[in-house]
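These are the residues of each chain, in order.
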Amino acid sequence: GIQVEQSPPDLILQEGANSTLRCNFSDSVNNLQWFHQNPWGQLINLFYIPSGTKQNGRLSATTVATERYSLLYISSSQTTDSGVYFCAVHPWGSNYQLIWGAGTKLIIKP
Amino acid sequence: NAGVMQNPRHLVRRRGQEARLRCSPMKGHSHVYWYRQLPEEGLKFMVYLQKENIIDESGMPKERFSAEFPKEGPSILRIQQVVRGDSAAYFCASSSGASDEAFFGQGTRLTVV
């Protein structure tokens, strides 16, 4: 089955720094979503982005489906950005089951 | 527009008891999914349901686990005779269509003692 790999696995930054998180997938996908799981365990939808670029405030995401990767950019990090960022994909031909990466654990220090 | 509602948030069961987890999808959503998350891992698909139908339960253990989404009321994930290995966070998601954006509830954290 499809493999979803996220990098880096861990990232520690100072408040105000910028970061780029990467998601590689091994096969074609219908759709891709980015989530933030906060320290309380809640999953928050960030982007629904099968292709192209989207922006929402300090966050933006780009998916290049033909090259099988997506990037999540966080600018001017705040302590509330801490948590785990997950990428999840709908594999082509199995378009309801989300396959998840292992996540990037982000810690923003004040 | 309320989001996906799960209850309870936390559930403690002794080995051998039954656990019942509930999920009300977002208004207008007829597709419900259950996922399980172990510590330090991503989520793993368990089951996909539409009203009164199980579409795909390939990710759910064959024994002790069952799911339903009745015509009226919430979706229920039922775990019979729980064991310590069932301890995990169980998330429910809903969407308006099969490949549309999925929205997740806050999860139920099951602890088996």
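Use the structure listed above.
Criteria and cut-off values
- Residues numbered from 1 in each chain as written.
- Chains lettered and ligands numbered in written order.
- Predicted model: local features only at pLDDT ≥ 70, side-chain atom pairs only at ≥ 80, totals over all residues.
- Heavy atoms only, no water.
- Contact = heavy atoms within 4.5 Å.
- Buried area = accessible area lost by both parts, 1.4 Å probe.
- Salt bridge = Lys/Arg side-chain N within 4 Å of Asp/Glu carboxyl O.
- Polar contact = N/O pair within 3.5 Å; in protein donor to acceptor, adjacent residues only side chain to side chain.
- Helix = DSSP H or I, 4+ residues; strand = E, 2+ residues; numbered from the N terminus.
- Nonpolar A, V, L, I, M, F, W, Y, C, P; charged D, E, K, R; others polar.
- Pairing = 2+ DSSP bridges.
- Axes fitted to C-alpha atoms, helices over the stretch in contact; angles between N-to-C directions.
- Disulfide = S-S within 2.5 Å.
- Buried < 20%, exposed > 50% of the residue type's maximum accessible area, 1.4 Å probe, protein only.
- Core = buried A, V, L, I, M, F, W, Y, C linked by side-chain atoms within 4.5 Å.
- Phe/Tyr/Trp six-rings, centres within 6.5 Å; stacked < 30°, edge-to-face > 60°.

Caption draft 1: Seen up close, the interface of chain A and chain B. Every contact between the two is made by 19 residues of chain A and, on the other side, 21 residues of chain B. When the buried surface of chain A facing chain B is broken down by residue, Leu43(A), Tyr96(A) and Trp100(A) rank first, second and third, together holding 33% of it. Inspection of the region where chain A meets chain B yields zero salt bridges. Taken together, chain A and chain B are joined by six residue pairs in polar contact (both at pLDDT 80 or more). Ranked by residues supplied to the side of chain A that touches chain B, first place goes to strand β4 (residues 29-37) of chain A with four residues. Looking at side-chain class alone, the side of chain A that touches chain B contains nine nonpolar, 10 polar and no charged residues.

Caption draft 2: Looking closely at the sheet that holds strand β1 (residues 5-7) of chain B. Residues and elements named next belong to chain B. Spatially, four strands are ordered β1-β3-β8-β7 in an open sheet, and the strand pairing comes out antiparallel. Two strands close off the open sheet at either side, each with one partner strand: β1 and β7 (65-68). Taken pair by pair, the neighbouring strands of this sheet meet at an average axis angle of 15 degrees, ignoring direction. In the sheet, strand β3 (residues 19-24) pairs with strand β8 (residues 75-79) via five bridges, with the strands oriented antiparallel. Opposite Arg-20, over in β8, you have Arg-78 as the bridge partner.

Caption draft 3: View of the state of the cysteines. Residues and elements named next belong to chain A. By the definition in use, this model includes two disulfides over all chains. Between the sulfur atoms of Cys-23 and its disulfide partner Cys-87 the distance amounts to 2.0 Å. Disulfide Cys-23-Cys-87: torsion about the S-S bond near -55 degrees, hence left-handed. Taken together, the residues span a long stretch of sequence, with Cys-23 in strand β3 (residues 19-25) and Cys-87 in strand β9 (residues 83-91) at a distance of 64 residues. Of the two residues, Cys-23 and Cys-87, neither departs from the other in class, the shared state being buried.

Caption draft 4: Representation of the nonpolar core. By size, the foremost hydrophobic cluster in this structure holds 23 residues, and its most contacted members are Trp34(B), Met46(B), Leu77(B) and Tyr90(B). Those elements that provide at least two residues to this core are β3, β4 (31-37), β5 (43-50), β7, β8, β9 (88-95) and β11 (108-112) of chain B. Apart from the residues within four sequence positions on either side, Tyr90(B) is in contact with Gln6(B), Leu21(B), Tyr35(B), Arg36(B), Met46(B), Phe65(B), Leu77(B), Ile79(B), Gly107(B), Thr108(B) and Leu110(B). Listed in part, the 22 residues of the second largest apolar core include Ile2(A), Leu13(A), Cys23(A) and Leu59(A).

Caption draft 5: Structural context of the packing of aromatic side chains. Scanning the entire structure with this criterion turns up eight aromatic pairs over all chains. Centre to centre, the rings of Phe35(A) and Trp100(A) are 4.9 Å apart; their planes meet at 25 degrees, and the pair counts as stacked. Taken together, the positions of Phe35(A) in strand β4 and Trp100(A) in strand β10 (residues 99-100) put the pair 65 residues apart, joining distant regions of the chain. The interplanar angle of 55 degrees and the centroid separation of 5.6 Å between the aromatic rings of Tyr35(B) and Phe104(B) together place this pair among those described as tilted. One end of the pair, Tyr35(B), is in strand β4; the other, Phe104(B), is in strand β10 (residues 103-104), and 69 residues separate them in sequence. Since its relative accessible area comes to 1%, Tyr35(B) is described here as buried. For Phe104(B), a relative accessible area of 8% corresponds to the buried category.

Caption draft 6: The sheet that holds β3(A), seen in detail. Residues and elements named next belong to chain A. Spatially, β1-β3-β8-β7-β6 is the arrangement adopted by the five strands of the open sheet, whose pairing is antiparallel. The outermost strands of the open sheet, each flanked by one partner alone, are β1 (4-7) and β6 (52-56). The mean angle between the axes of side-by-side strands here comes to 15 degrees, regardless of whether they run parallel or antiparallel. The sheet contact formed by β3 and strand β8 (residues 69-74) spans six bridges and is antiparallel.

Caption draft 7: Structural detail: the pattern of salt bridges. Residues and elements named next belong to chain B. Going through the model one piece at a time under the given rule, you end up with six salt bridges over all chains. Put simply, Lys-44 and Glu-41 hold a salt bridge, and the shortest N to O gap is 3.8 Å. The exposure class of Glu-41 is partly exposed, given its relative accessible area of 32%. Between Arg-64 and Asp-86 there is a salt bridge, with its nearest N and O atoms 2.7 Å apart. With Arg-64 in the loop between β6 (53-56) and β7 and Asp-86 in the loop between β8 and β9, this residue pair connects regions lying 22 residues apart in the sequence. On the basis of relative accessible area, Arg-64 is assigned to the partly exposed category, the value being 25%. A network of salt bridges, in which partner residues are shared, links Glu-18, Arg-20 and Arg-78.

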